[in-house]
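Remarks on the overall topology
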Amino acid sequence: MVVRTRVNGEWREADLWPGASLLAFLRDHLGLYGSKNACEQGECGSCSAWLDGALVCTCLVLAAQAHEREVRTVEGLSDGGRLHPIQEAFVESGAVQCGFCTPGFVVAVADLLQKESNPSPATVREALSGNICRCTGYAKILDAVNLAAARLRGES
Ligand code: FES
Ligand code: FES
């Protein structure tokens, strides 16, 4: 079946197996490798992206469900090769080790901060509870969230 989706502002399409996931569409057919495939079971958050503005695990969404809809991936956050402030904060805070989880965290943090500019520590932990990192121990990721939130509020 042909799936046609607006991805990061551009209409893209591919002829796919009807059971193909949105993650497979993005990675295998569109060459958008920012969304990672770590568990393919909705457990780790590494494949996170937005579907019509809602945060989803793309491994759990059929590509067919994205037909004639809007998808935004981590690639859509950077501005002409310039990192998004959240990405910069992750780098500066040492919140990236192997980096496999990082795009999913960045998308989840962006989703949180666009809804709430000054989230409490508990809110941050709750918002990121669907994202797993095997390397960092999370402390530096939380530092990165605080730094990014402050910068996006214009405080530093
Ligand atoms: S790969 Fe989708 S949640 Fe882990
Ligand atoms: S930095 Fe390696 S899994 Fe998070």
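See the structure printed just above.
A quick note: this is a predicted structure, and the numbers were derived from the prediction, not measured.

Structural notes on helix α5 (residues 139-152)
Count 3.6 residues to each turn of an α-helix, and residues three or four apart come out pointing the same way. Here α5 spans 20 Å end to end across 14 residues, near enough to the 20 Å set by a 1.5 Å rise per residue. For α5, the full list of buried residues reads I141, A144, V145, A148, A149 and A150. Buried residues along α5 sit in contact with α2 (85-92), α3 (102-115) and α4 (121-127). Downstream of α5 by one or two residues, G154 has phi in the positive range, about 80°.

A short note on the nonpolar core
Soluble globular proteins: nonpolar side chains tend toward being buried together. I86, F90, F105, V109, L113, L128 and I141 are the most contacted members of the largest nonpolar core, which totals 24 residues. Listed by contribution, the elements that provide at least two residues to this core are α2, α3 and α5. Setting aside residues no more than four positions away along its own chain, L113 makes contact with I86, P119, V145, A148, A149 and L152.

Observations regarding the sheet that holds strand β2 (residues 10-15)
The strand order across the open sheet built from five strands is β2-β1-β5-β3-β4, with neighbouring strands paired in mixed fashion. In the strand order of this sheet, the two ends are held by β2 and β4 (54-57), each with one partner. The average angle at which neighbouring strand axes cross in this sheet is 40°, direction not considered. Set on the sheet, helix α1 (residues 22-29) makes contact with β1 (2-7), β2 and β5 (70-72); between it and β2 the angle comes to about 95°. Across the sheet, α3 touches β3 (48-51), β4 and β5, and the angle it forms with β3 is around 45°.

Things to note about the packing of aromatic side chains
All told, the structure shown has one aromatic pair when counted by the stated rule. Over the ring of W50 we find R72, and its NZ or CZ is 5.3 Å from the ring centre.

Section: unusual backbone geometry
For E40, which is not glycine, the phi dihedral falls at a positive 60°. Relative to the elements of secondary structure, E40 occurs in the loop between α1 and β3.

Considering the packing of α2 against α3
Where α2 contacts α3, the axes come no closer than 10 Å and their chain directions differ by 125°. Taken as axis vectors, α2 and α3 run oblique relative to one another. The chirality of how α2 crosses α3 is right-handed. Side by side, α2 and α3 meet where I86, Q87 and F90 of the first sit next to T102, F105, V106, V109, A110 and L113 of the second. Of the residues in the contact of α2 with α3, the class split is seven nonpolar, two polar and no charged.

Parameters and conventions
Here the residue index of a chain counts from 1 through its sequence in written order. Working convention: letters from A go to chains and numbers from 1 go to ligands, in the order in which they are written. Side-chain atom pairs in this predicted model are given and counted only at pLDDT of 80 or more, local residue features only at pLDDT of at least 70, and totals for whole chains, interfaces and linings cover all residues. To get the side-chain values, take all heavy atoms of the structure and skip hydrogens and water. Helix and strand assignments follow DSSP, with helices taken as H or I runs no shorter than four residues and strands as E runs no shorter than two, numbered in order from the N terminus. Every helix has an expected span of 1.5 Å times one less than the residues it contains. Partly exposed residues are those whose accessible area sits between 20% and 50% of the maximum for their type, while under 20% is buried and over 50% is exposed, using a 1.4 Å probe and protein chains only. Contact criterion: two residues are considered in contact whenever any of their non-hydrogen atoms come within 4.5 Å of each other. We define the nonpolar core as a collection of buried residues of types Ala, Val, Leu, Ile, Met, Phe, Trp, Tyr and Cys that are connected through side-chain atoms lying within 4.5 Å of one another. When DSSP locates at least two bridges between a pair of strands, those strands are taken to pair. A fitted line through C-alpha atoms represents every axis, and for helices the fit uses only the stretch in contact; the resulting angles, taken between N-to-C directions, go from 0 to 180 degrees. Aromatic contacts are taken between Phe, Tyr and Trp rings whose centres are within 6.5 Å, Trp giving its six-membered ring; a plane angle under 30 degrees counts as stacked, one over 60 as edge-to-face, and the others as tilted. By the criterion adopted, a ring carries a charge over it if an Arg CZ or a Lys NZ lies within 6 Å of its centre and within 35 degrees of its normal. Oblique is the label for any angle not covered by the other classes, which are roughly parallel (under 35 degrees), roughly antiparallel (over 145) and roughly perpendicular (65 to 115). Throughout, a crossing is termed right-handed when the near helix is turned clockwise from the far one, and left-handed when it is turned anticlockwise from it by less than a right angle. Here the term charged refers only to Asp, Glu, Lys and Arg, the term nonpolar to Ala, Val, Leu, Ile, Met, Phe, Trp, Tyr, Cys and Pro, and the term polar to all other amino acids, Gly among them.

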